[in-house]
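Fold and contact review
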Amino acid sequence: MSSSLAGQSIEAARRHVAAVLKTAGIESADLDARLLVGAALGLDLTALIAAAKRTLTVEEADRLDGLVQRRLAREPVARILGQKEFWSLPLKLSAETLVPRPDTEAVVELALQMLAGTPHPDREWRILDIGTGSGAILLALLSELPGAIGIGSDISLAALLTARCNAVDLALASRAFFVKCNYTAALTGPFDLVVSNPPYIPSQDIAGLDVEVREHDPHLALDGGPDGLDAYRALIPEAVRLLASGGALVVEAGRDQIRDITGLMRGAGLTTTAEPRADLGGVLRAIAGRKLPP
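All of the points below concern the structure found in this document.

The rules behind the values
- Residues numbered from 1 in each chain as written.
- Predicted model: local features only at pLDDT ≥ 70, side-chain atom pairs only at ≥ 80, totals over all residues.
- Heavy atoms only, no water.
- Axes fitted to C-alpha atoms, helices over the stretch in contact; angles between N-to-C directions.
- Helix = DSSP H or I, 4+ residues; strand = E, 2+ residues; numbered from the N terminus.
- Parallel < 35°, antiparallel > 145°, perpendicular 65-115°, else oblique.
- Left-handed = near helix turned anticlockwise from the far one by under 90°.
- Contact = heavy atoms within 4.5 Å.
- Nonpolar A, V, L, I, M, F, W, Y, C, P; charged D, E, K, R; others polar.
- Buried < 20%, exposed > 50% of the residue type's maximum accessible area, 1.4 Å probe, protein only.
- Arc of directions from axis to C-beta.
- Core = buried A, V, L, I, M, F, W, Y, C linked by side-chain atoms within 4.5 Å.
- Expected span 1.5 Å × (residues − 1).
- Salt bridge = Lys/Arg side-chain N within 4 Å of Asp/Glu carboxyl O.
- Polar contact = N/O pair within 3.5 Å; in protein donor to acceptor, adjacent residues only side chain to side chain.
- Pairing = 2+ DSSP bridges.

Remarks on the packing of helix α7 (residues 105–116) against helix α8 (residues 136–144)
Axis separation between α7 and α8 bottoms out at 10 Å; the angle between their running directions is 45°. On the basis of the axis angle, α7 is oblique to α8. The crossing of α7 and α8 is right-handed. Mapping the contact onto sequence places Val107, Val108, Ala111 and Leu112 in α7 and Ile137, Ala140, Leu141 and Glu144 in α8. Partitioning the contact of α7 with α8 into residue classes produces seven nonpolar, no polar and one charged.

See the structure below:
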């Protein structure tokens, strides 16, 4: 394809790439084409528009062709670009981190709601993000809570290095700390808020996931065991142990898992009076429990 793109205008190349992606059945073809052309040329949207009539060099066409071939192989655009926006924050990714999804913003929204419903909503909150990955949830919360400090735990050192890099890039490194451990094994607390997007896909369902997820997201961050609830069984009691009196646990849930997770939270002594928060698709995606004073 590169030979056909060399000498074309940037706008014509973008339209051509979009058509190729559409023919391959990629739903987000127009957006993907813009992002890939921008990445190949090192231009943001504004610069792309300004340079729309400029023609591509052979080197630029070759570079764009390489990116398009990766997308045609169903590698997610975020993986190709090495970053993804979450909560309006640009986050770097690595092979050991999930691509943050808009669905997960429901966890941030519900977590902020749980803090706002406390007697002292402006205090210096202590936050723990279990299985932090790229640091998406923790860094989104810290960006909204200037007085808060947070810890992100993960079993993957590579993921923690990515999260740390994101904290530095977002000028949040002075309030974000990262610990390598399984769930909360190296932590003592207390925390006012514990959040997590744990693995929740039932093992037998992973083979049926989209290629973009199945082949490119780390399976450790996807596989929730036979019924998808293994991580919740492990982390909910640990979170309760680390929560301060009045503190809250907020987790992301898979489709149709809210009821089971509610039962696990109540069984561990949490109250679950807050309404679960739905994602943009209407799926109940975030659930909260609060640790009441003894």
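Concerning helix α12 (residues 258–267)
Along α12, the residues that are buried comprise Ile258, Ile261, Thr262 and Met265. When α12 is viewed along its axis, its buried side chains cluster within an angular range of 105° and face the same direction. With respect to the buried face of α12, the exposed residues turned more than 90 degrees away are Arg259 and Gly267. Among the structural elements, α11 (230–242), β7 (243–252) and β9 (284–290) are those in contact with the buried residues of α12. Just beyond α12, the residue with positive phi is Gly269, at close to 100°.

Notes on the nonpolar core
Ile127, Leu139, Leu141, Leu142, Leu193, Val195 and Val250 are the most contacted members of the largest nonpolar core, which totals 37 residues. Ignoring anything within four residues of it in the chain, the contact list for Leu193 reads Ala111, Leu115, Arg126, Ile127, Leu128, Leu141, Leu243, Ala248 and Val250. If you look at the next biggest cluster of nonpolar residues, it comprises 26 residues, including Tyr200, Ile258, Ile261 and Ile287.

Topic: α7
The end-to-end C-alpha separation of α7 is 17 Å, in line with the 16 Å expected for twelve residues at 1.5 Å each. Of all the positions in α7, only Ala106, Val107, Val108, Leu110, Ala111, Met114 and Leu115 are classed as buried. Looking at the packing, one finds that the buried side of α7 touches β1 (83–86), α8, β6 (191–196), β7, β8 (277–278) and β9.

Some remarks on the pattern of salt bridges
Tallying each qualifying case throughout the model produces 15 salt bridges. Residues joined in a network through salt bridges with shared partners are Arg101, Asp103, Glu252, Asp279 and Arg285.

Remarks on the side chain of Ser156
Turning to its location among the elements, Ser156 is positioned in the loop between β4 (149–154) and α9 (157–169). Among the polar contacts made by the side chain of Ser156, one reaches the main-chain amide nitrogen of Ala158 at a distance of 3.4 Å. A distance of 3.1 Å separates a polar atom in the side chain of Ser156 from the backbone nitrogen of Ala159.

Thoughts on unusual backbone geometry
Phi at Trp87 takes a positive value of approximately 55°, unusual for a residue other than glycine. Relative to the helices and strands, Trp87 is located in the loop between β1 and β2 (89–92). Even without being a glycine, Tyr183 presents a positive backbone phi close to 55°. For Tyr183, the position within the fold is in the loop between β5 (176–180) and β6. Exposure remark for Tyr183: the relative accessible area of 22% places this residue in the partly exposed category.

Some points on the sheet that holds β6
The sheet built from seven strands is open, its strands ordered β5-β4-β3-β6-β7-β9-β8 with mixed pairing. The sheet terminates laterally at β5 and β8, the two strands that pair on one side only. Here strand β3 (residues 126–130) pairs with β6 via four bridges, running parallel. Within β6, the residue paired with Leu128 across the bridge is Val194. α7 rests against β6, β7, β8 and β9 of the sheet, and its axis sits at about 25° to β9. α12 contacts β7 and β9 of the sheet and is inclined by roughly 10° relative to β9.

Details of the packing of α11 against α12
If you want to describe how two helices pack, look at the angle between their axes and the distance between the axes. Packing of α11 against α12 brings their axes to within 9 Å, and their N-to-C directions diverge by 30°. Classified by the interaxial angle, the pair formed by α11 and α12 is roughly parallel. Handedness of the crossing formed by α11 with α12: right-handed. For the pair α11 and α12, contact is made by Tyr232, Arg233 and Ile236 and by Ile261, Leu264 and Met265, respectively.

A short note on the environment of Ala274
Here Ala274 is to be found in the loop between α12 and β8. By relative accessible area, which is 19% here, Ala274 ends up buried. In this structure, the C-alpha to C-alpha distance between Ala274 and Leu145, residues 129 residues apart in sequence, is 21 Å. Leave out the neighbours within four places in its chain, and Ala274 touches Gln113, Met114 and Ala288.

Everything listed here is a matter of coordinates, which is why it stays silent on function.
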